[in-house]
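Here's the letter readout for the chains.
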Amino acid sequence: MASFHTNMVFSSRENLTEWVQETAQSLGYMGGVSRGPETSTKNTGSRKTNCPFEIFACYYKSDDVWRLNVKNDEHNHEPAMYMEVHPFARRLTPNESKMVEEMKINNVPARDILSALKRQNYKNVSTLKTIYNECYKLQMDERGDRSQMQVVFGFLHSKGYIFNHRVNDTTNALEDLFFVHPTSLEIWRAFPHIMMMDATYKTNKYNMPFLEIVGVTLTNTTFSIGFGFMDKEKESNYIWALNCLKAIIDIYDSPCVIVTDREIALMNAYAEWDSFLRDWETLVNSSTVATYLRNYAIHSTYSFREHSMSNSYFNQDQPSYTSIPLMNEIPHQFHPYVRNITNVEGDGNCGFRSIVVALGRSEHD
């Protein structure tokens, strides 16, 4: 290949290597440079195609310069149409690696990092996988000799999180972890009325149920309150997590309303659930409207007689129960109070999907 035959001299091996790589990429090839016989020799032929192409970087001590010697300029394969196929071409330069590190610290998404690199250098052929690998390398460098749990606790402590955890008495393995950010407590103190809880599963590589607790502002927007990783979705795990939450927010206000899906373990973990269930059964088993109003006034936080709805609810035309899908799945005591049933997607986020539907939006919002 005549393009590599040159009389140019280079002040350093790095300059020579850079020239070779730029020339090779312009021709659809990628390769390295080995030193000549005056120093050391390394065969740079491809391990996959046994390409005979070979060049040497030779250092001439008398002139203190580097020259390029071509031993074989023949290839046994066609040039690549896209340089992305060469791992070497996808490598980041030291300056690009530094740029990735700075953007990662600022929580810039990988796709945006890649876009920034390509805007800075139009010749860059890195892929998203390159960025992910670089970020992983930075994480490993930051982690050092610390274990993964030491990294997690170090992060929570450095960011000011309020957190608690418990471990297995036998194996000393982490079972439950609960954490709350101070900013979340400030927002909760401003809007301590509604709390929604739901646990997702199979959404992390550890397959641990993830409990998410959110609040609602006066503008119907949600904000995060606390999070918990649990070993199992059992009543004891929920009790532990709720006790952690209670210990943190007791200095503020307790919620007026707690919303969750029909997660029996979570419902049983709530200390006042049994009392609420008894009051609810008394209310829904009322035989007449007058009895219902009397029971509501006794067991409700707010007097029904002062409620603006008054008796208008009972004067509305009731729907035909048989026309509502899934009605047979609902206990018969609740049938008079059911207006509609929406069967949301059961993907582990059904609780939050139900809340969105109740607010009049699509479950996919």
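Summary of the structure given here. (Residues numbered from 1 in each chain as written. Predicted model: local features only at pLDDT ≥ 70, side-chain atom pairs only at ≥ 80, totals over all residues. Heavy atoms only, no water.)

1. Quick look at the nonpolar core
1) Next: With 23 residues, the main nonpolar core has Phe178, Met195, Met197, Leu211, Ile213, Tyr238 and Leu245 as its most contacted residues.
2) Next: Listing elements by their share of this core, those giving two or more residues are strand 6 (174-180), helix 6 (182-190), strand 7 (194-200), strand 8 (210-216), strand 9 (222-229), helix 7 (235-249) and helix 8 (264-269).
3) Next: When residues in this core are grouped by element, the largest group, eight residues, is from helix 7.
4) Next: Not counting residues within four places of it along the chain, the set of residues in contact with isoleucine 213 comprises Phe178, Met195, Met196, Met197, Phe223, Ser224, Ile225, Gly226 and Leu245. (Core = buried A, V, L, I, M, F, W, Y, C linked by side-chain atoms within 4.5 Å. Buried < 20%, exposed > 50% of the residue type's maximum accessible area, 1.4 Å probe, protein only. Helix = DSSP H or I, 4+ residues; strand = E, 2+ residues; numbered from the N terminus. Contact = heavy atoms within 4.5 Å.)

2. So, the environment of leucine 156
1) Next: Here leucine 156 shows up in helix 5 (residues 148-158).
2) Next: Separated by 24 residues in sequence, leucine 156 and valine 180 have C-alpha atoms that sit 9.3 Å apart.
3) Next: For leucine 156, the contacting residues outside a window of four places in its chain are Tyr161, Phe163, Leu177 and Phe179.

3. Remarks on a negative patch on the surface
1) Next: A cluster of acidic residues, Glu101, Glu102, Asp141 and Glu142, forms a negative patch on the protein surface.
2) Next: Secondary structure elements with two or more residues in the negative patch: helix 2 (94-105) and helix 4 (128-143).
3) Next: Its place among the elements puts glutamate 102 in helix 2.
4) Next: According to the relative accessible area criterion, glutamate 102 is partly exposed, its value standing at 44%. (Patch = residues over 30% accessible without salt bridge, like charges linked within 9 Å, V, L, I, M, F, W, Y side chains within 5 Å. Areas by Shrake-Rupley, 256 points an atom, 1.4 Å probe, with all protein chains shown as cover. Salt bridge = Lys/Arg side-chain N within 4 Å of Asp/Glu carboxyl O. Lys, Arg positive; Asp, Glu negative; His and termini not counted. Charge placed at Lys NZ, Arg CZ, Asp CG, Glu CD.)

4. Considerations on the side chain of serine 97
1) Next: Its location among the elements puts serine 97 in helix 2.
2) Next: The contacts of serine 97, once residues within four sequence positions are left out, are Leu92 and Glu134.

5. With respect to helix 12 (residues 350-358)
1) Next: Gly351, Phe352, Arg353, Ile355 and Val356 are the residues of helix 12 that are buried.
2) Next: Turning to helix 12, the residues buried within the fold contact strand 7, strand 8 and strand 10 (257-259).
3) Next: Directly beyond the C-terminal end of helix 12, a positive phi value near 90° is found at glycine 360.

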